[in-house]
Amino acid sequence: MSFATQDSSRAEAEAKHSLAPVLTICVPSYNRGERVRTLVDYLLPTIVAYGGRIELVVSNNASRDRTAELLGEVSSPHFRLHNRTIHLPTAEEHIFAVAALCRGKYIWFLGDDDIPNLETILELLSLLELDRYDFLFFNSIYIDAHGGHLDASMLRMNGGIVEAPFSTIAPALGFISTLAGLSNVVCRRARLDDATWPQIVKISYIYSHVVWWYLSFAGGQAAIVNRPLVAYRQDSSGSVGSDFRITATNFGVGDHHFWTLGLLRLFLFMEERGAITNEQICNIWERRRDGSQFRLLDNMFNLFCAQVVLSVKSTEARNRLMDEEFALCRRWFLRVDPTLFDCMKVIEFIYSSKRVAGEDAVARISWAAADFEALFSHRMEKTARYLNISSFYRCFDIYKHVNGYVGIAQDSAIDRRSVLSWIDPSDDGTEVVTAPDVPSLRNRIDNLLVAKRFADGGTSAT
């Protein structure tokens, strides 16, 4: 190839990159001028080095500080500042609105207080240029409000990448915890459904972006990448709960609305559009920072009980459930998981206490709430082993997992919750076996038992 041809090819490639970046890093920001300017100064040298394959866009949500002034000083062909003149009242609305500013084939919505891992950006670009994935989730790390590292990573993973349909990966990432972390996600711009988000945000201002992803990427290909894309900032001060109560007060809804009626209505919206199934809802597992998990549906149900107690006891109108709202919640919970029936009977009793006056009502609520706690705790302890079980085969319990199936020996003392908390559990060839499908897993179990029989002194393989 001649130098002229090389120069021409390079010029054509640069022109192509300048017209259509591979990636837009989009930073929604409000009243964090100095912080977001620091972020821009940190990112720009790396972005410039990739010669037009990445653009950086900051959307200033009509900030009242010096954001417009500080970012207006930045001059780069790879950077754009959008100053909104009308403030959007919620972060969710701002996220939806800024998507229209992005010219890249993929979007990375980056929180203005999260710290990007510059080394991961090159690997990210390589993955995007494969054009294989619609949705990428990166296994980032946590930092506290002051930038101190809290944990090694969000997810327990053995391999470098796990590929699966979005509908399989999303429930494994939770809904209100890991998956809700905006800065860990890079997604294909063309699949984002711009027409749907105004409907979603009217249902609930919290977690509506997760619903947007479910609707936009249903049927798409996804991957979990075992690399930190950011240091994800998490408030460890204990004020998160009180912040949500303030938000609930501002919007005139109950203290637990966002995790009960709000989430329930979001799920109904997705169900009506075929973006999620009962089985998927039942198997959404949220991840705590210590690596343990809890089932979202159980958390919603427990908080529903707490909201019912508030509904009966509170003097604030916003905390009271209407009869039709209670009936909607009751129907939905029992339709999704009928095993909640007995606990629901206790909640019904608590709700009926609103028709009882004085000290009798207080006493009814007190002992019924204690009864619910005991019954629910017992149920959780006794049924945790089977909540997401798929089937049984010989002496193994079989579980559906992100990248296939996991078999755990029934007589094993192994902590199955710990095994199943991994995105890609290790196969130890004795008590835990894995395979991409059920027939392959059964074949592995058969071979394992035959080998064990020989090891124990058996003389036949049958």
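The preceding data block contains the structure.
Let us look at the structure shown here. (Residues numbered from 1 in each chain as written. Predicted model: local features only at pLDDT ≥ 70, side-chain atom pairs only at ≥ 80, totals over all residues. Heavy atoms only, no water.)

**Some details on the overall build of the protein**
Right, so step 1: A tally of regular secondary structure across the protein gives 17 helices and 18 strands.
Right, so step 2: A compact globule built from 462 residues should have a C-alpha radius of gyration of about 23 Å, and the protein, at 25 Å, falls within 12% of that.
Right, so step 3: Dimensions of the protein, computed from the C-alpha atoms along their principal axes, are close to 80 × 75 × 40 Å.
Right, so step 4: Within the protein, buried positions represent 50% of all 462 residues.
Right, so step 5: Within the protein, residue pairs in contact and separated by at least 24 positions form 72% of the contacts whose partners lie at least 6 positions apart.
Right, so step 6: Total accessible area on the protein stands at roughly 20,900 Å², and carbon and sulfur atoms take up 53% of it.
Right, so step 7: Once the 48 positive and 55 negative side-chain charges of the protein are each reduced to a mean point, those two points are 3 Å apart. (Helix = DSSP H or I, 4+ residues; strand = E, 2+ residues; numbered from the N terminus. Rg over C-alpha atoms; globule rule 2.2 N^0.38 Å. Buried < 20%, exposed > 50% of the residue type's maximum accessible area, 1.4 Å probe, protein only. Contact = heavy atoms within 4.5 Å. Areas by Shrake-Rupley, 256 points an atom, 1.4 Å probe, with all protein chains shown as cover. Lys, Arg positive; Asp, Glu negative; His and termini not counted. Charge placed at Lys NZ, Arg CZ, Asp CG, Glu CD.)

**A few points about the sheet that holds strand β18 (residues 432-435)**
Right, so step 1: Spatial ordering of the open sheet is given by β15-β16-β17-β18, a layout of 4 strands whose pairing is antiparallel. With one partner strand each, in any of the chains shown, β15 (389-393) and β18 form the two edges of the open sheet. Put simply, the sheet's adjacent strands are angled 25° from each other on average, direction ignored.
Right, so step 2: Of the strand pairs in this sheet, β15 and strand β16 (residues 396-401) are connected by 4 bridges, and their pairing is antiparallel. Following the sheet pairing, Ser 391 is matched in β16 by Ile 398. (Pairing = 2+ DSSP bridges. Axes fitted to C-alpha atoms, helices over the stretch in contact; angles between N-to-C directions.)

**Focus on the nonpolar core**
Right, so step 1: Counting 124 residues, the largest nonpolar core has Phe 175, Phe 267 and Phe 333 as its most contacted members.
Right, so step 2: For this core, the element with the most residues is helix α12 (residues 296-313), which contributes 10 residues.
Right, so step 3: Membership of the second largest hydrophobic core comes to 12 residues, among which are Tyr 405, Ala 409, Ala 435 and Leu 449. (Core = buried A, V, L, I, M, F, W, Y, C linked by side-chain atoms within 4.5 Å.)

**Considerations on the sheet that holds strand β6 (residues 135-138)**
Right, so step 1: Reading across from one edge, β3-β2-β1-β4-β10-β6-β11-β9 is the order of the 8 strands in this open sheet, with mixed pairing throughout. Each edge of the open sheet is held by one strand with a lone partner, namely β3 (79-83) and β9 (161-165). Between one strand and the next, the sheet's axes are offset by a mean angle of 20°, whatever the strand orientation.
Right, so step 2: Here β6 pairs with strand β11 (residues 221-225) via 4 bridges, running parallel. The residue of β11 that forms the bridge with Phe 135 is Ala 222.
Right, so step 3: Against the sheet, helix α4 (residues 91-98) engages β1 (23-29), β2 (54-60) and β4 (106-109), with an angle of about 150° to β1.
Right, so step 4: Sheet strands touched by helix α5 (residues 118-129): β1, β2, β4, β6, β9, β10 (185-188) and β11. Its angle to β6, the strand with the most contacts, is close to 160°.

**What to know about the packing of aromatic side chains**
Right, so step 1: One pass over the full model with this rule turns up 23 aromatic pairs.
Right, so step 2: Between Phe 301 and Phe 376, the ring centres sit 6.0 Å apart and the planes meet at 35°, which makes this aromatic pair tilted. Remark: Phe 376 occurs in helix α15 (residues 358-383) and Phe 301 occurs in helix α12; sequence separation between them is 75 residues.
Right, so step 3: Note on Phe 376: relative accessible area 8%, which makes it buried.
Right, so step 4: Both rings, one in Phe 304 and one in Phe 333, keep their centres 5.4 Å apart while their planes meet at 35°; by these two values the pair is tilted. Here Phe 304 is found in helix α12, whereas its partner Phe 333 is found in helix α13 (residues 323-336), with 29 residues between them in sequence.
Right, so step 5: Residue class for Phe 304 comes out buried when judged on its relative accessible area of 1%.
Right, so step 6: For the cation-ring pair, Arg 273 lies above Phe 269, with the distance from its terminal atom to the ring centre recorded as 3.5 Å.
Right, so step 7: Lying across the ring of Phe 349, Arg 364 places its NZ or CZ 4.0 Å from the centre. (Phe/Tyr/Trp six-rings, centres within 6.5 Å; stacked < 30°, edge-to-face > 60°. Lys NZ or Arg CZ within 6 Å of the ring centre and 35° of its normal.)

**Some points on α13**
Right, so step 1: Across its 14 residues, α13 extends 20 Å between first and last C-alpha, which sits within 8% of the 20 Å expected from 1.5 Å per residue.
Right, so step 2: For α13, every residue scored as buried is listed here: Glu 325, Phe 326, Cys 329, Trp 332, Phe 333, Leu 334 and Val 336.
Right, so step 3: Buried residues belonging to α13 abut α10 (261-272), α11 (278-282), α12 and α14 (341-352). (Expected span 1.5 Å × (residues − 1).)

**Section: the pattern of salt bridges**
Right, so step 1: Tallying each qualifying case throughout the model produces 27 salt bridges.
Right, so step 2: When the shortest N-O distance is used, the salt bridge between Glu 316 and Arg 318 registers 3.0 Å.
Right, so step 3: Assessed through its relative accessible area of 36%, Glu 316 is described here as partly exposed.
Right, so step 4: In this structure, Arg 416 and Asp 397 form a salt bridge, with 2.8 Å as the shortest nitrogen-oxygen distance. Note that Arg 416 is positioned in helix α16 (residues 416-420) and Asp 397 in strand β16, a separation of 19 residues in sequence. (Salt bridge = Lys/Arg side-chain N within 4 Å of Asp/Glu carboxyl O.)

**A short note on the side chain of Thr 67**
Right, so step 1: Along the polypeptide, Thr 67 turns up in helix α3 (residues 67-72).
Right, so step 2: Classification of Thr 67 as buried rests on a relative accessible area of 0%.
Right, so step 3: A distance of 2.6 Å separates a polar atom in the side chain of Thr 67 from a polar atom in the side chain of Asp 65.
Right, so step 4: Setting aside anything within four residues of it in sequence, one finds Thr 67 in contact with Asn 31, Arg 32, Gly 33, Val 36 and Asn 60. (Polar contact = N/O pair within 3.5 Å; in protein donor to acceptor, adjacent residues only side chain to side chain.)

**What about the side chain of Ser 353?**
Right, so step 1: Within the element layout of this structure, Ser 353 appears in the loop between α14 and α15.
Right, so step 2: With a relative accessible area of 0%, Ser 353 lands in the buried category.
Right, so step 3: Ignoring any residue separated from it by four or fewer positions in sequence, one finds Ser 353 in contact with Val 312, Ala 361, Arg 364 and Ile 365.

**Looking at the environment of Thr 90**
Right, so step 1: Tracing the sequence through the fold places Thr 90 in the loop between β3 and α4.
Right, so step 2: A sequence separation of 116 residues divides Thr 90 from Ile 206, and the C-alpha atoms of the two residues are 8.9 Å apart.
Right, so step 3: For Thr 90, the residues in contact, after removing those within four places along its chain, are Tyr 205 and Phe 251.
Right, so step 4: Among the polar contacts listed, one links the side chain of Thr 90 to the side chain of Glu 93, at a separation of 2.8 Å.

Read these as geometric descriptors, not functional statements.
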